[in-house]
Amino acid sequence: MNAASSDLWTLVLGILAILVVASVIGYVLQQRLSPDGSNASIENLNARIKAWWVMAILIGIAFLAGRIGVLVLFGFCSFAALREFITLTHTKRADHWALAAAFFVVLPLQYFLLWAEQYGIFSIFIPVYAFLLMPIISVLRGDTERFLDRIAEVQWALMICVFCASHVPALLTLNIPGYEGRDVLLIAFLVIIVQLSDVLQYVWGKLFGRTKIAPKLSPSKTVEGFAGGVASATLIGAGLWWITPFTPFQAGLLAFVITLMGFFGGLVMSAIKRDRGVKDWGNLIEGHGGLIDRLDSVVFSAPIFFHIVRYWWSAT
Amino acid sequence: MSLLRKIIARPVATAIVLFARAITAVRAIWPGEGVPSDTCIYFANHSSHGDFILVWAVLPPRLRATTRPVAGAEYWLKSSVTRFIGRDVFDAVLIERERDKRTSDPIEVMATALDAGSSLILFPEGTRNQTDAPLLPFKSGLFHLASARPNIRLVPVWINNLNRVMPKGEIVPIPLICTVTFGEPLQIQSGEDKQVFLDRARTALINLSPKQAGGNE
């Protein structure tokens, strides 16, 4: 067994152990404190644990299937996220072809470019080509009502749901000397840190949270939860240095950046939900919100993480 | 041929429902006590050819098996493909909408289907709504059918967002999340005036429409 796959197996077993422990704790808490499903925090915790199982199993299957599996998985995530996002926009009939192009041309092409490892065009395809061509498609219908709102919303939807999300599988295209064949572990590092940071902020907030950090955006988020969650996720990130090409200090620093971006990304996406008067982005899992509710922090941290690693570690 | 049509009708129905689900991620919202388990009439807003497919897709399989959409014969008998989809796949109750060309009474056709134990999906606006108004005035068909079978319960069903998925004249559907909201059943009262009943039914339906941002405001 080579080093890459033995690290992967250690990680898989570790995650399995954590999930089993989390599920047992969730079950015991539910039996003790919320047998009739009345305690919202415990129901929420169990819903999150279930979502992690799904996430871990899907990512696990994708890793087994290799690069193409990861691309297909994130391609579908982009599709479902874009569908949730566009549902909440003000787009009109005049945008029909622009939207069709977003779903059936831009999205598949973005992932195809990753598959073909065309980094140059991959990194500018949506910010340049889609940005300029989509409003052209819309303007040809001649409907000027709320035109700027409509084209801006479609571009934002593409940037968040397709461009940013595609930077998670883009980690596989990095060419880091001495880290060949292990890029998949970078995805694991990113996703684990973001998810842990989310839940640790939640746990710290529940235990010690007093001062609200953004009462208008997200009443459940507190300064104590934020500080505790970021600090502990950063430490865990440093402790996971062995699956990355980084030193423990660098791994901690990157985990710190990931958690910060994730936190503020969550705030931005909450602000959009409030603007549109909805509580959740969708109902992908009955009663537990949409896909974007689970992915918002990953989506914000992925491009920054990708570019930091590419700038300082990648050979190409 | 008819045997072949019957054999492929089921997989085609499944494929159409799966496709509709993949595009719209459709989700049903049920009233507190659920929908009636016996024969009833689902009446819904109509803005797209896909409307009854969404209602059909979210019904529990047990109810779906006995539920038939009511559709215009003129449209669905036009070509062999639409005839196959309308008759064999969805087992639609086809009614003739144009009064002067009629050979059968639509109310009688629908009542016969109800008597045979089928539930119906009905669009009381009579045609697809292409206007900015949320709901067109109801045609009198719902009243006449309810008067003919006063014991049958009528369930209002609001289909949200499907008009944005595939507006009239477009051929490529846009993936958007749709919901289908079922309301509390209502019944016609004995001696209830036609307009009073139609207004009551229309209000019950329009009350189910979400007042969320986005979409066609």
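Residues numbered from 1 in each chain as written. Chains lettered and ligands numbered in written order. Predicted model: local features only at pLDDT ≥ 70, side-chain atom pairs only at ≥ 80, totals over all residues.

### Regarding the interface of chain A and chain B
Inference 1: With 17 residues of chain A in contact, the opposing surface of chain B contributes 13 residues.
Inference 2: For the side of chain A that touches chain B, the secondary-structure elements that each account for two or more residues are helix H3 (67–87) and helix H4 (96–115) of chain A.
Inference 3: Its residues assigned to classes, the side of chain A that touches chain B comprises 6 nonpolar, 7 polar and 4 charged. (Contact = placed C-beta atoms within 7 Å. Helix = DSSP H or I, 4+ residues; strand = E, 2+ residues; numbered from the N terminus. Nonpolar A, V, L, I, M, F, W, Y, C, P; charged D, E, K, R; others polar.)

### Looking at the nonpolar core
Inference 1: Core analysis: the biggest nonpolar cluster contains 135 residues, and Leu82(A), Ala102(A), Leu54(B) and Val55(B) have the highest contact counts within it.
Inference 2: Here the element with the most residues in this core is helix H7 (residues 184–208) of chain A; it accounts for 12 residues.
Inference 3: Shared between two domains, this core takes at least three residues from each, and those domains are domain 2 (68–173) and domain 3 (183–316) of chain A.
Inference 4: In this view, Leu54(B) contacts Ala20(B), Thr24(B), Val26(B), Ile159(B), Leu162(B), Cys178(B) and Val180(B); residues no more than four positions away in its chain are not counted. (Core = buried A, V, L, I, M, F, W, Y, C linked by C-beta atoms within 7 Å. Buried ≥ 20, exposed ≤ 12 C-beta atoms within 10 Å, placed from the backbone. Domains from an automatic or database assignment.)

### So, the pairing of strand S2 (residues 40–44) of chain B
Residues and elements named next belong to chain B.
Inference 1: By the criterion of burial, S2 is predominantly enclosed, with 4 of the 5 residues buried.
Inference 2: Bridge analysis of S2 against strand S6 (residues 153–160) gives 5 bridges, and the strand direction is parallel. Each residue of the ladder has a partner; that of Cys40, found in S6, is Arg153.
Inference 3: The pairing of S2 with strand S5 (residues 119–122) spans 3 bridges and is parallel. Residue Ile41 lies in a different strand from S5, and its bridge partner there is Leu120. (Pairing = 2+ DSSP bridges.)

### A word on the confidence of the model for chain B
All names here are of chain B.
Inference 1: For chain B, the mean per-residue pLDDT works out to 85, and 96% of the residues sit at or above 70.
Inference 2: In this model, residues 212–217 is a region of pLDDT below 50 whose contacts with residues beyond four sequence positions or in other chains number 14 contacts.
Inference 3: Scored as a complex, the prediction yields pTM 0.88 and ipTM 0.83. (pLDDT = per-residue confidence, 0-100.)

### A look at the domain arrangement of chain A
Accessible area lost during the coming together of the parts is what is often quoted as the interface size.
All names here are of chain A.
Inference 1: According to the domain assignment, chain A consists of domain 1 (1–65), domain 2 (68–173) and domain 3 (183–316).
Inference 2: On a C-alpha basis, the centres of domain 1 and domain 2 stand 32 Å from each other.
Inference 3: In this complex, domain 1 contributes 6 residues to the contact, which on the side of domain 2 involves 4 residues.
Inference 4: Its residues assigned to classes, the side of domain 1 that touches domain 2 shows 6 nonpolar, no polar and no charged.

### Points about the pairing of strand S3 (residues 67–72) of chain B
Residue and element names in this part refer to chain B.
Inference 1: Counted residue by residue, S3 has 5 buried out of 6 residues, so it is predominantly covered.
Inference 2: Strand direction decides the pairing type here: S3 and S5, joined by 3 bridges, are parallel. Looking at S5, one finds that Thr67 is bridged to Ser119.
Inference 3: With 3 bridges connecting them, S3 and strand S4 (residues 93–95) associate as parallel partners.

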